[in-house]
Amino acid sequence: MSNIEEKHSTLETIISQRKEKIKQIKELGVNPFSYNYSVTHKNNEILENYDKFENKEVAIAGRLMAIRKMGKASFANVTDSTGKIQLYISKKDIGEDKYKLFKILDIGDFVGCKGIVMKTRTGEITVKVLELELLSKNIRPLPIVKEKDGVLHDTFSDKEQRYRKRYLDLILNPDVKGTFVKRTKIIAATRKFFDEKGYLEVETPILQPIYGGANARPFETYHNTLGMNLFLRIADELYLKRLIIGGFDKVYEICKNFRNEGMDKSHNPEFSMIEFYEAYVDFNYMMDLVEEYFKNIAKTLGSLEIEYDGNKIDFNKPFQRISMFKLFEKYLEVDISDYGKEELIPLCEEKNFEFDPKWNYGQFIDALFGEFVEKHLIQPTFVTDFPKEISPLAKTRRDGNEKLVERFELFIGKEEYVNSFSELTDPIDQRKRLESQAKLRDQGDKEAQIVDEDFLQALEYGMPPTGGVGIGLDRVIMLFTGQTSIKDVLFFPQMKKENE
RNA sequence: GCACCCGUAGCUCAGUUGGCAGAGCAGGUGACUCUUAAUCACAAGGUCGAAGGUUCGAGUCCUUCCGGGUGUACCA
C-alpha cells in the first residue's frame, strides 16, 4: 500500500462531508443556497397565539438548531429572529424524496417550511411540516448548546471565541442579542431626547489635521493625494464649537472617537460619545439637562432604580451636586480648598500617596481625587470645582477664584460618565491655556493638547457664552444593560491578531 | 506596564505522583412514526497554544513567546 492516508481532523472531515452533501443535494435537484422564501409568520407569533393558529397553515423560516431523528418521522427545532419552534417531519407527510433531503440536513442549515400548527402529545406547539425547503446549507459545524428545564448545557462560553466570532455568540447566547437591542434603544432614545429639545444633529470630521478637545494620544494616518498626515479624532469638541460660532444655537453629534491608549474593562480604542453644545447657557443649565437625560433613559428602559455591579442606583432623587473640595473634606478629612502645591506635597506624604513632584496643582488635585474620592461615588453625583490646569477649555469660575473653572463631571457607581463646562470663549485666555498645554507637551506629557490656530482664529471672531457636554455612551449602555465590560456592549471589540 | 489564572477533539470539559491522551455533545454508519439534553449499537476523530529545556520518559516540571481572562496602574 503506497497510498498515504491523509490524516484529517474532525473539523476537516466534517467540512468535507458537508461539501459532499452539497453535491448530493444538487443531484436531488435542489439548490442548497436558494434565493428567497415567503415567510408568513414569525415563530413567536405562533407560540404566543396558539389558539388562533391551531390547525392553520403557516410558512416559517429559520436555522435548524436541533434534530431528533426516529426513523420515518423526526422532530427538529428551528430558530428565527423571534425564537425557537419545533417541527414535526414525517416521511408520510413530505414524501420520500424530501425526507431523504431532510435526513442529510445538519444543525446550522437554514430551512423554510410550510405546515400545520398543532400540539404534540406532550403539549408542545409544533409545526407539522408538509413542504420542506432547504434555504442555505451549513458546512462548518455550529457549537451545540443543549437545554433542559431552562438549564443550558455546554454553553458557548469561551470569551475569546465569543468576541472574535460575535455571530456565533449571537446565535448561541440569546441574552447577548438583548444587550445589543438595548444598546440600539438607548442610542435611539438619546437622539430623540436631543431632537425634542431642539438640538440639531450634525456630523463633523473624523479625519482631522489637528486633533483636540481632550487629553489623549491619537491614531495617525496619511492621505495620499493631499500628501498630509491626518489624525483620527479623539473628540469632536472643537468642531462643534466652530458650529456654535457659525450661528447654530444647539448642536449635538453622536460620534465615534479614537484614542491610542491602554485598554481595559471600560476602554476600547474606538468608542462612542455624544457631545452637545448650547449657546447662551452655562454648566449649571447643563447639569439640569444631563440629569433629565439620565432619568429619561432610565425611564425608557423601564425603571428609575437599577442594580449595577452589586450597587443599587437610584435615579428618582435629585442628583447630588457637590464641590470636589467638600468631597475631599469628607473622605480625606482635610479642608484643602486653600491649599497650593506646597501644602499638597506634605499631605500626600502623610497619606502615603505616591506622587510626581513635577505635577502642577491641578494634576495633584486630579490624582488625589482619583485615589481618595472616586471610589465613594455610587449614587449619581455631579462633582464641581475642577482646577484650571486640567481644564484648558473651560471658563474660570465667575466669582474670581482663579484656580478653578466652571466644570462638572457626573459619577455613577464609581465611574465617570459625563464631562461638561461653561465653555471658554475668551480667545486670549484660550490661547494662553493651549500654550501652557503645549509646554506640558514639551516636557513630555504625550496627552497634553495642541495649539489649534484655526480654532483660536474662529474664537477670535466671537463665540457666544456656551455650555458643552460629553457623555461616554458605551458606559451609559453598560450601566443600563448591567454589563461591567465594554467588550460586552460592543459587537466587535478590538482584539489582538489571533495566532494561526 | 505589572501580578495572578487559563489555553487538551468542531463545542463543553476530565486527565492523579512525570509512565499507553479520555468522556459527553456534534459529525459518520445502522435501528427506530409524538421526540425534546430523544434513545440504542458500531466505527472514527488529537501539532495537548508555539518553540526550546530537564528527564530513560513531559498534557503534567522549567524558560521564552503567542492569545485570552481577572485584578492593579496609567487613563477623562
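**Q** Can you tell me about the protein's contact with RNA strand B, naming the residues and giving the values?
**A** Near RNA strand B there are 57 residues, and of these Thr10, Thr122, Glu160, Asn215 and Arg407 occur at the shortest range. Within the contact set of RNA strand B, a phosphate oxygen lies 3.4 Å away from a backbone nitrogen or oxygen of Leu11. The contact in question runs from a base nitrogen of RNA strand B to an N or O atom on the side chain of His153, over 3.1 Å. Only helix H1 (10–27), strand S1 (57–69), strand S2 (73–80), strand S3 (83–90), strand S6 (146–148), helix H6 (159–164), strand S18 (404–412) and strand S19 (415–422) provide two or more residues apiece to the surface near RNA strand B. Among the elements that line the surface near RNA strand B, the one with the most residues is H1, at six residues. Its residues assigned to classes, the surface near RNA strand B comprises 14 nonpolar, 15 polar and 28 charged.

**Q** Kindly report on the pairing of strand S10 (residues 220–223), identifying the contributing residues and their values.
**A** As paired strands, S10 and strand S11 (residues 228–232) are joined by four bridges and run antiparallel to one another. By the bridge assignment for S11, His223 is matched with Met228. The antiparallel hairpin formed by S10 and S11 contains four residues in its connecting segment, where Gly227 sits at a positive phi of about 60°.

**Q** Would you mind going over the sheet that holds strand S5 (residues 125–136) in detail, with residue names and values included?
**A** Spatially, the five strands close up into a barrel ordered S1-S2-S3-S5-S4, and their pairing is mixed. On average, each strand axis in the sheet is tilted by 55° relative to the strand beside it, whichever way the strands run. The sheet contact formed by S1 and S2 spans six bridges and is antiparallel. Across the sheet, Ile67 pairs through a bridge with Ala76, a residue of S2. Against the sheet, helix H5 (residues 96–103) touches S1, S2, S3 and S5, its axis set at about 60° to S2.

**Q** Which residues make up the sheet that holds S18, and what are the values?
**A** Strand order in the open sheet formed by eight strands is S8-S12-S13-S20-S19-S18-S17-S16, and the pairing between neighbours is mixed. Strands at the two margins of the open sheet, each flanked by one partner only, are strand S8 (200–201) and strand S16 (320–323). The pairing of strand S13 (residues 270–279) with strand S20 (residues 466–472) spans seven bridges and is antiparallel. What sits directly across from Glu275, in S20, is Gly470.

**Q** Tell me about the side chain of Arg18, and please be specific about residues and values.
**A** Position of Arg18 relative to the elements: it lies in helix H1. Of the residues examined, Arg18 reaches a relative accessible area of 12% and is grouped as buried. In terms of polar contacts, Arg18 uses its side chain to reach the side chain of Asp106, at 3.4 Å. Leaving out residues up to four positions away in the same chain, Arg18 has contacts with Asp106, Ile107, Lys137, Asn138, Ile139, Arg140 and Pro141.

**Q** Requested: an account of the pattern of salt bridges, with residues and values cited.
**A** For the coordinates displayed, the defined rule picks out 34 salt bridges. The salt bridge partner of Lys91 is Glu96, with a shortest N-O separation of 3.8 Å. Salt bridges linked by common partners bring Arg18, Lys21, Asp106, Asp109 and Lys137 together as one network.

**Q** Report on the packing of helix H11 (residues 324–332) against helix H13 (residues 361–373), specifying residues and quantitative values.
**A** At a minimum axis separation of 10 Å, H11 and H13 run at an interaxial angle of 50°. What the angle tells us is that H11 and H13 run oblique. Between H11 and H13 the crossing geometry is left-handed. Only Tyr361, Ile365, Leu368, Phe369, Phe372 and Val373 of H13 make contact with H11, whose side of the interface consists of Met324, Phe325, Leu327, Phe328, Tyr331 and Leu332.

**Q** Residues and numbers for the domain arrangement of chain A, please.
**A** Once the domains are mapped, chain A shows domain 1 (10–142) and domain 2 (175–319 + 379–488). Centre-to-centre separation of domain 1 and domain 2, based on C-alpha positions: 50 Å.

**Q** Which residues make up the environment of Lys446, and what values do they have?
**A** Here Lys446 shows up in the loop between helix H14 (427–442) and helix H15 (453–460). Relative accessible area serves as the criterion here: at 53%, Lys446 is assigned to the exposed category. In contact with Lys446, other than residues within four places in its own chain, are Ala216, Arg217 and Arg441.

**Q** I'd love a proper account of helix H16 (residues 473–481), names of residues and values included.
**A** Counting buried positions along H16 yields nine of nine residues, so the element is predominantly enclosed. All buried positions along H16 are accounted for by Leu473, Asp474, Arg475, Val476, Ile477, Met478, Leu479, Phe480 and Thr481. Gly482 sits one or two residues past H16 and shows a positive phi near 75°.

**Q** Let's hear about the side chain of Asp429: which residues, and what values?
**A** Within the secondary structure layout, Asp429 lies in helix H14. Filtering out sequence-adjacent residues up to four positions away, Asp429 remains in contact with Thr396 and Leu424.

Conventions we followed
- Throughout this document, residue positions are counted from 1 along each chain, in the order its sequence is written.
- Throughout, the order in which chains and ligands are written sets their labels, letters from A for the former and numbers from 1 for the latter.
- Note on the predicted model: pLDDT of at least 70 is required for a residue's local features to be given, and 80 or more for side-chain atom pairs to be given and counted; whole-chain, interface and lining totals, by contrast, use all residues.
- Note: side-chain values were computed over all heavy atoms of the structure, leaving out hydrogens and water.
- One heavy atom suffices: a residue is near a molecule or strand as soon as one of its heavy atoms comes within 4 Å of it.
- Whenever a nitrogen or oxygen atom comes within 3.5 Å of another N or O atom, the pair is scored as a polar contact, on the condition that within protein one atom can donate a hydrogen and the other can accept it, and that pairs from neighbouring residues in sequence are kept only if both atoms are in side chains.
- Secondary structure counts use DSSP, requiring at least four H or I residues in a row for a helix and at least two E residues in a row for a strand, with both numbered from the N terminus.
- Residues are grouped as follows: nonpolar covers Ala, Val, Leu, Ile, Met, Phe, Trp, Tyr, Cys and Pro; charged covers Asp, Glu, Lys and Arg; every other residue, Gly included, is treated as polar.
- Strand pairing requires that DSSP identify at least two bridges connecting the strands.
- Lines fitted to the C-alpha atoms define the axes, with helices restricted to the stretch that makes contact. Angles between their N-to-C directions range from 0 to 180 degrees.
- Residue contacts are counted whenever heavy atoms from the two residues lie within 4.5 Å of one another.
- Only protein chains enter the area calculation, which uses a 1.4 Å probe; residues under 20% of their type maximum are buried, those over 50% are exposed, and those in between are partly exposed.
- By definition here, a salt bridge exists when the distance from a side-chain nitrogen of Lys or Arg to a carboxyl oxygen of Asp or Glu is within 4 Å.
- For classification purposes, angles smaller than 35 degrees are called roughly parallel, those larger than 145 roughly antiparallel, those between 65 and 115 roughly perpendicular, and all remaining angles oblique.
- It is the rotation of the near helix from the far one that decides the hand of a crossing: anticlockwise by less than a right angle makes it left-handed, clockwise makes it right-handed.
- An automatic or database domain assignment supplies the start and end points of every domain.

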